[in-house]
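Structural overview
Below are the chains, spelled out letter by letter.
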Amino acid sequence: MKKIGIFGIGNLILRDEGFGVHTVQYLENNYHFPDTVEIHDIGTAGIYMSPFLEECDPVLIIDVVDIAGEPGSFHYYTLADVKAGNFQTRMSPHQLGLLEILEICKLRDAAPEAVEFYTVIPKELTESIELSDVVAGRVVEVADMILGRLAELGVEVKKKQGPATAYSGNVTK
């Protein structure tokens, strides 16, 4: 049986591009996940993320999305949306896109059937490891969506003891 995958994607040094990484780090700092869940800061791993994808189904991806709209606004997509070309799936211009990576996994007969995207529109892509205020304000909200999805899948996640690590907009690792 495959695990449930939670992957934060993004370039940590390009401000809001690091949203997925920040959100995964928030989750790891505040919750204990059972062995049935794989949670990873994928960063800009590109093709190197295929082994993680092959081990998991469903896969919940947290990232930014380059579409027109209000910076910081939340957008949910399924794998069918991606295949329909509704948004860009390349993590950077020189890397393979997620569809190509999933095709490689499919050739190995190990592609996940369910992939969900939890995304926000970035406000700033300047050099910084801190998120803009508007995008930082979405970290806890999207983390709660991920926790809710895990609950729907029957996964019990436990909050870590002690005071919660508040999200400040900075990298916490």
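The following refers to the structure shown. (Residues numbered from 1 in each chain as written. Predicted model: local features only at pLDDT ≥ 70, side-chain atom pairs only at ≥ 80, totals over all residues. Heavy atoms only, no water.)

1. Description of helix H4 (residues 98-107)
Among all positions of H4, only Leu98, Ile101, Leu102 and Cys105 are buried. End-on, the buried residues of H4 take up no more than an arc of 100 degrees, which puts them together on one face. Summarising the contacts, the buried residues of H4 are in contact with helix H2 (50-55), strand E4 (56-64), helix H3 (79-83) and strand E6 (115-120). Downstream of H4 by a residue or two, Asp109 has a phi angle that is positive, lying close to 60 degrees. (Buried < 20%, exposed > 50% of the residue type's maximum accessible area, 1.4 Å probe, protein only. Helix = DSSP H or I, 4+ residues; strand = E, 2+ residues; numbered from the N terminus. Arc of directions from axis to C-beta. Contact = heavy atoms within 4.5 Å.)

2. Notes on the packing of aromatic side chains
Evaluated as defined, the whole model comprises 3 aromatic pairs. Where Phe74 meets Tyr118, the ring centres are 6.3 Å apart and the plane angle is 40 degrees; that geometry is what we call tilted. With Phe74 in strand E5 (residues 74-78) and Tyr118 in strand E6, the pair connects residues that are 44 residues apart, well separated along the chain. By relative accessible area, Phe74 is classed as partly exposed at 23%. Both rings, one in Tyr76 and one in Tyr118, keep their centres 5.3 Å apart while their planes meet at 70 degrees; by these two values the pair is edge-to-face. Here the residue Tyr76 occupies a position in strand E5, and Tyr118 occupies one in strand E6, the gap between them amounting to 42 residues. With a relative accessible area of 39%, Tyr76 lands in the partly exposed category. Classification of Tyr118 as buried rests on a relative accessible area of 5%. Members of the aromatic cluster, joined through ring pairs, are Phe74, Tyr76 and Tyr118. (Phe/Tyr/Trp six-rings, centres within 6.5 Å; stacked < 30°, edge-to-face > 60°.)

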